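Residue-level structural notes
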Amino acid sequence: MRAEMDLVARQEAFSLRCRASYGPGVHLVSGAIGGGKTTMALAMAGLLPFDGDMRFEGLASKAMSLQFPEYHVTAASVDDEVRSWGLDPGEVLPRAGLSGRGAVDPFKLSRGQLKRLNLACVFALDPDLLILDEPFSSLDCRAKAKVCKAIASREGKITMLFSHERASLPRVSTLSQISEARLECLGAVPDAIPRWAGAPPYLRRALELGAEPRNITMDDVEEALCATRG
Amino acid sequence: MRDPRLRIFSTILLSAGAFISPAGAVAALLWWLLFTPRLKAVPHPRMLSGVVLMITATAIVSELTGGLGLLYLLRMVPILLIAAWAFSDRQESELLDVSVWMMGKRIGFDIGLMAEMGLQGLRLINQDIVQVRQAMEIKGMRPSVRNLVPMAANIVINQLRRTEETAKLLTVRGYSSGGEIEPHFVTERRDIMLASLALAVPLLSFFAIW
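Residues numbered from 1 in each chain as written. Chains lettered and ligands numbered in written order. Predicted model: local features only at pLDDT ≥ 70, side-chain atom pairs only at ≥ 80, totals over all residues.

Quick look at the overall build of chain A
Of the regular secondary structure elements, chain A holds seven helices and nine strands. Computed over the C-alpha atoms, the radius of gyration of chain A is 18 Å, within 12% of the 17 Å expected from 2.2 N^0.38 for a compact globule of 230 residues. With the C-alpha coordinates aligned to their principal axes, the bounding extent of chain A is approximately 55 × 45 × 30 Å. Residue burial in chain A is summarised as follows: out of 230 residues, 45% are buried. (Helix = DSSP H or I, 4+ residues; strand = E, 2+ residues; numbered from the N terminus. Rg over C-alpha atoms; globule rule 2.2 N^0.38 Å. Buried ≥ 20, exposed ≤ 12 C-beta atoms within 10 Å, placed from the backbone.)

Structure representation (structure tokens):
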């Protein structure tokens, strides 16, 4: 299973150069707000025109969660919204923490609730390629932790995580960053960590202290710091 | 045209001229052909072609049922093209500037602010349409008449929410009526020349029907 690309994605006047190859695992693409993460995510989902090549090997399904969950809404009730994804509300709503809210108008939900609903739907689809554009936005710490857990549970599949999140991150397989309209693949974790310019402050501090975290989560950093200090 | 006052003035004159008589419509079309970047000045060619198509259909139906459909078409096409040019040439906040210049800092400011918010809304609706279409494609839904209702509902609700947020924001910032703004305009010689020629269009149109 692999997603390969060598392309220039365009969105209005902006164009982004991407050259990458992603296999099964979690791949974090970071970058500044407005840097081009959404452009790359949309191009990977086949929702934006691009010049160049994009190849998917061994992929039977793909899904994407947009940054703003309200755009996904196409039904008048939460139950119907889940059904519009071809899913069973009885299974999805408890995962979204929305049990008993099936009859509610999705637009009556808060953005955080709507985000949880949307993420629960795309995780329930369990596609071979899951593209998550800013999945942590509008979520509280507990919901973010749940999303990290859901990402980690996708074994053997490709999860593309486009985010500028600085605190709640899942363990990842590779790191990439977008700067100056270009995607830079930093490689596999942990070797890529010191090269990550967009590393969150806790990770940066740990590196300054000489720690060598195995991955990018706070748990990994704590463990590395403990090992460094003996 | 850099001076928004002269651009709006020209747009009104050309539109009036085009509507008064077929001769005025031809003159307005000629003005558009000679003095604008023509189709490059059309902000959304697909949207404009959709509107032209609707007007053409109306004109054909009118012509077939004994009305003056073709003359209606002849008048509406330059009006639309001129409007598209005026829209594409506009700069941020210039309607507010013109409105304050014309009607002062109280009523002028309120009307200008409303106009600016309306135009901003149009731009955001356009972005919403793109995003909703992408979201529907993710679900495997194709744009169709059946899917038009959820799509439109999504766009309308998002726009209403945004309007409510803007209203709250204005209230929090102490807005009740009027505001302080010092409009500044740059007038080039070409602007004056084009506006003068635009003035000739309704005059020609008026004399043509006499």
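A word on the domain arrangement of chain A
By the assigned domains, chain A splits into domain 1 (2-61 + 127-196) and domain 2 (73-122). Class assignment of the residues belonging to the side of domain 1 of chain A that touches domain 2 of chain A gives a composition of five nonpolar, one polar and one charged. (Domains from an automatic or database assignment. Nonpolar A, V, L, I, M, F, W, Y, C, P; charged D, E, K, R; others polar.)

A short note on unusual backbone geometry
Phi is mostly negative for residues that are not glycine, and the peptide bonds are mostly trans. Residue and element names in this part refer to chain A. Here the residue pair V189 and P190 is connected by a cis peptide bond, since its omega of 10° sits within 30 degrees of zero. Phi at D126 is positive, roughly 50°, even though this residue is not glycine. Residue position: D126 is located in the loop between α4 (111-125) and β6 (129-133).

Here's the deal with the environment of A:S77
Residue and element names in this part refer to chain A. With respect to the helices and strands, S77 occurs in the loop between β5 (62-65) and α2 (78-83). Put simply, S77 and R116 are 39 residues apart on the chain and 15 Å apart in space, counted from C-alpha to C-alpha. For S77, the contacting residues outside a window of four places in its chain are G102, A103, V104 and D105. (Contact = placed C-beta atoms within 7 Å.)

Quick word on the environment of A:L161
All names here are of chain A. Among the secondary structure elements, L161 is positioned in strand β7 (residues 158-162). Each C-alpha atom of the pair L161 and V29 lies 6.0 Å from the other, and the pair is 132 residues apart in sequence. With residues near it in sequence (within four places) discarded, L161 still touches V26, H27, L28, V29, L132, P135 and I151.

A short note on the nonpolar core
Formed by 69 residues in total, the largest nonpolar core has its most connected members in A:M40, A:A41, A:I131 and A:M160. Considering each element in turn, this core owes the most residues, seven residues, to α4(A). Residue contacts for A:M160: discarding those within four places in its chain leaves A:Y22, A:H27, A:V29, A:A41, A:M44, A:I131 and A:L132. In this structure, B:M1, B:L13, B:A28 and B:I82 belong to the second largest nonpolar core, which totals 20 residues. (Core = buried A, V, L, I, M, F, W, Y, C linked by C-beta atoms within 7 Å.)

Considerations on the packing of helix α1 (residues 4-20) of chain B against helix α2 (residues 22-35) of chain B
Two numbers describe a pair of packed helices, the interaxial angle and the distance between the axes. Where α1(B) meets α2(B), the closest approach of the two axes is 6 Å, and the angle between their N-to-C directions is 145°. Note on element contacts: α2(B) touches α1(B) through B:G24, B:A25, B:A27, B:A28 and B:W31, opposite B:L14, B:G17, B:A18 and B:I20. (Axes fitted to C-alpha atoms, helices over the stretch in contact; angles between N-to-C directions.)

Digging into the interface of chain A and chain B
Each side of the interface is counted separately: chain A has 16 residues, and chain B has 13 residues. Within the side of chain A that touches chain B, the residues separate by chemical class into 12 nonpolar, three polar and one charged.

Here's the deal with the pairing of strand β9 (residues 182-188) of chain A
Of the strand pairs in this sheet, strand β8 (residues 174-179) of chain A and β9(A) are connected by six bridges, and their pairing is antiparallel. Paired with A:S176 across the bridge in β9(A) is A:C185. (Pairing = 2+ DSSP bridges.)

Description of the packing of α2(B) against helix α7 (residues 189-208) of chain B
Residues and elements named next belong to chain B. Across the interface, α2 lies against α7 with an axial gap of 8 Å and an inter-helix angle of 160°. With respect to α7, the axis of α2 lies roughly antiparallel. Crossing hand, α2 versus α7: right-handed. Residues A23, G24, A27, A28, W31 and F35 of α2 form the contact with α7, whose participating residues are L194, L197, A198, V201, P202, L204, S205 and A208. In terms of residue class, the contact of α2 with α7 is built from 12 nonpolar, two polar and no charged. (Parallel < 35°, antiparallel > 145°, perpendicular 65-115°, else oblique. Left-handed = near helix turned anticlockwise from the far one by under 90°.)

Observations regarding the domain arrangement of chain B
Residues and elements named next belong to chain B. Domain boundaries in chain B define domain 1 (4-93 + 185-208) and domain 2 (95-172). Measuring from the centre of the C-alpha atoms in domain 1 to the corresponding centre in domain 2 gives 25 Å. Across the contact, four residues belong to domain 1 and five residues belong to domain 2. Classifying every residue of the side of domain 1 that touches domain 2 by side-chain character gives two nonpolar, one polar and one charged.

A few points about α2(B)
All names here are of chain B. Between its terminal C-alpha atoms α2 stretches 20 Å, which fits the 20 Å expected from 14 residues at 1.5 Å a residue. Looking only at α2, the buried set comprises G24, A25, A27, A28, W31 and W32. Angularly, the buried residues of α2 cover 165° about the axis, an arc narrow enough to put them on a single face. Every exposed residue of α2 that faces more than 90 degrees away from the buried side is listed here: L33 and L34. Those residues of α2 that are buried lie in contact with α1, α4 (69-89) and α7. (Expected span 1.5 Å × (residues − 1). Arc of directions from axis to C-beta.)

Side note on the environment of A:G46
Residues and elements named next belong to chain A. Assignment of secondary structure puts G46 in the loop between α1 (37-44) and β4 (50-57). Under the C-beta neighbour-count criterion, G46 is labelled partly exposed, with 15 such atoms within 10 Å. In sequence terms G46 and K62 are 16 residues apart; their C-alpha atoms lie 10.0 Å from each other.

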